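# Notes for the structure review
This is what each chain is made of:
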Amino acid sequence: MDFIKDYWAYLVPLVVVQLALQIAATVSLVGAARLRCGSKAIWAVVIWAFQALGPIAYFALGREE
């Protein structure tokens, strides 16, 4: 428990940013009419299974501008 206590100030912002990315990517995915590649179900799994990298991959590769 000392590890968490010592690094609490660093962990909380990382968790908040990760959740914000996941929520923003999910909202964008739900509102998307078309995707560049893959289906919405696959992208939803990628977004939530690969925490920080999933939303970044979705914004970089999945959205159609």
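Further up the page is the structure itself.
To keep things clear, this report deals only with the structure shown in the data block. (Residues numbered from 1 in each chain as written. Predicted model: local features only at pLDDT ≥ 70, side-chain atom pairs only at ≥ 80, totals over all residues. Heavy atoms only, no water.)

## Observations regarding the nonpolar core
With eight residues, the main nonpolar core is built from Ala25, Leu29, Ala32, Leu35, Trp43, Val46, Ile47 and Tyr58. The set of elements that each furnish at least two residues to this core consists of α1 (2-31) and α2 (40-49). Broken down by element, the residue count for this core peaks at three residues, all from α2. Ignoring anything within four residues of it in the chain, the contact list for Ala32 reads Lys40 and Tyr58. (Core = buried A, V, L, I, M, F, W, Y, C linked by side-chain atoms within 4.5 Å. Buried < 20%, exposed > 50% of the residue type's maximum accessible area, 1.4 Å probe, protein only. Helix = DSSP H or I, 4+ residues; strand = E, 2+ residues; numbered from the N terminus. Contact = heavy atoms within 4.5 Å.)

## As for a nonpolar patch on the surface
Taken together, the side chains of Phe3, Ile4, Tyr7, Trp8, Tyr10, Leu11, Val12, Leu14 and Val16 make up a nonpolar region of the molecular surface, amounting to roughly 940 Å² of accessible area. You can see Val16 is positioned in helix α1. (Patch = residues over 30% accessible without salt bridge, like charges linked within 9 Å, V, L, I, M, F, W, Y side chains within 5 Å. Areas by Shrake-Rupley, 256 points an atom, 1.4 Å probe, with all protein chains shown as cover. Salt bridge = Lys/Arg side-chain N within 4 Å of Asp/Glu carboxyl O.)

## Focus on the packing of α2 against helix α3 (residues 53-62)
Here α2 crosses α3 at 140°, and the two axes come no closer than 6 Å. By the angle between their axes, α2 is oblique relative to α3. Residues Trp43, Val46 and Ile47 of α2 lie in contact with α3, whose contacting residues are Gly54, Pro55, Ala57, Tyr58, Leu61 and Gly62. Classifying every residue of the contact of α2 with α3 gives seven nonpolar, two polar and no charged. (Axes fitted to C-alpha atoms, helices over the stretch in contact; angles between N-to-C directions. Parallel < 35°, antiparallel > 145°, perpendicular 65-115°, else oblique. Nonpolar A, V, L, I, M, F, W, Y, C, P; charged D, E, K, R; others polar.)

## Structural notes on α2
Helical geometry: 3.6 residues make up each α-helical turn, so side chains three or four residues apart lie on a common side. For α2, every residue scored as buried is listed here: Trp43, Val46 and Ile47. Buried positions in α2, seen along its axis, are confined to an arc of 100° and lie on one side of it. Pointing more than 90 degrees away from the buried face of α2 are the exposed residues Ala41 and Val45. Buried positions along α2 lie against α1 and α3. (Arc of directions from axis to C-beta.)

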